[in-house]
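Fold and contact review
Letter by letter, the chains look like this.
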Amino acid sequence: MGKQQDKPVNGDKDEDIRGFARLRSTLRLLYHSPSPSAQRFQFAVLIVDLAIIAFFIATPLLRNDDSFLWIDYSIAALLAADLVARALASTDILRWLRQMPVIIDVFILATLLAPAWLINLGFLRIMRLWTLTRTGTFWRPLRKRGLDRYQEPVQAVINLLVFLFVVTGFVYTAFANRGEHASIAGYVDALYFTVTAVTTTGFGDIVLPGTWGKLASIAIMITGISLFVRLAQAIFRPAKVHFPCPQCGLQKHDPDAVHCKACGHLLNIPDEGHH
């Protein structure tokens, strides 16, 4: 009798396991498949992500609004659902969790769930834009239209924008309204200072006070110059083509490369008119 009673229980467990496996398979197809229905889903997710990033950029201006917390927690629910879905869609959840973009997304989720406690770190939410560019969903529209050669300059522009908004948030959080002689009174002042520091214009009408302010200004200028140089290289340097070397697997080569620069293997890279 005991064995007969256990059969339905074991059957339910097996059905649950099969249902969970089907769920993971469905999510894997939605997030990674090139099928038309999956691409529509991925495009919808991308639009939602861009709307969330727009909210993050506007957060300093909306923080005192009565509806801010409701929007904040709603975005937290969306981000949590996306993280869970992407975890289930991965083939190895533990390895997926160790990826830097995922770690940053989890931290961003923490700032959304505890905005009162982590308000001073809220400016790091804009890094969601950087983590978004680490996914194939973001770049697939470019590749689909044969514009993948622009991926490097677009990534350089995004890196610069993320840096500008992260630094602006830091300057606003750390130096705004600090005493009677504070020259930064609002978010626009912080953005203005960041742009003048990064471009090394330095009008001098807004400065960061004290030793820590000078050190922060130095770090902003050095990092900003590096990002501008990287952007210039991505725009004016000849774009690399993606063509895996049959010998060593090197992915990127000069458009006119005849031999692989890593192993010297003879290449046969097709041009735009011959595929």
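What counts, and at which threshold
- Residues numbered from 1 in each chain as written.
- Predicted model: local features only at pLDDT ≥ 70, side-chain atom pairs only at ≥ 80, totals over all residues.
- Heavy atoms only, no water.
- Helix = DSSP H or I, 4+ residues; strand = E, 2+ residues; numbered from the N terminus.
- Buried < 20%, exposed > 50% of the residue type's maximum accessible area, 1.4 Å probe, protein only.
- Contact = heavy atoms within 4.5 Å.
- Core = buried A, V, L, I, M, F, W, Y, C linked by side-chain atoms within 4.5 Å.
- Phe/Tyr/Trp six-rings, centres within 6.5 Å; stacked < 30°, edge-to-face > 60°.

1. What about the overall build of the protein chain?
When helices and strands are tallied, the protein chain shows 10 helices and 2 strands. For the protein chain, the α and β elements follow one another from N to C terminus as α-α-α-α-α-α-α-α-α-α-β-β. Among the 275 residues that make up the protein chain, the fraction classed as buried is 33%. By sequence separation, contacts in the protein chain at least 24 residues apart represent 52% of the contacts at least 6 residues apart.

2. Notes on the nonpolar core
Burial of nonpolar side chains together is a common tendency in soluble globular proteins. Formed by 20 residues in total, the largest nonpolar core has its most connected members in Phe163, Val171, Phe175, Ile184, Phe193, Leu208 and Ile220. Of all the secondary structure elements, the ones that give two or more residues to this core are α8 (151-175), α9 (187-198) and α10 (210-236). Per-element tally for this core: the top contributor is α8, with 7 residues. When sequence neighbours within four positions are dropped, the list of residues in contact with valine 171 reads Ala176, Ile184, Ala190, Phe193, Thr194, Leu208 and Ile220. Phe55, Ala76, Ile104 and Leu109 belong to the second largest nonpolar core, which has 15 residues in total.

3. Some points on the packing of aromatic side chains
Enumeration according to the criterion identifies 6 aromatic pairs in this entry. Look at tyrosine 192 and phenylalanine 203: their rings are 6.4 Å apart centre to centre, the planes differ by 10°, and that puts the pair in the stacked class. Of this pair, tyrosine 192 sits in helix α9 while phenylalanine 203 sits in the loop between α9 and α10, and the two are 11 residues apart along the sequence. Each residue in the set Phe55, Phe56 and Phe68 is aromatic and connected to the rest through ring pairs, giving one cluster.

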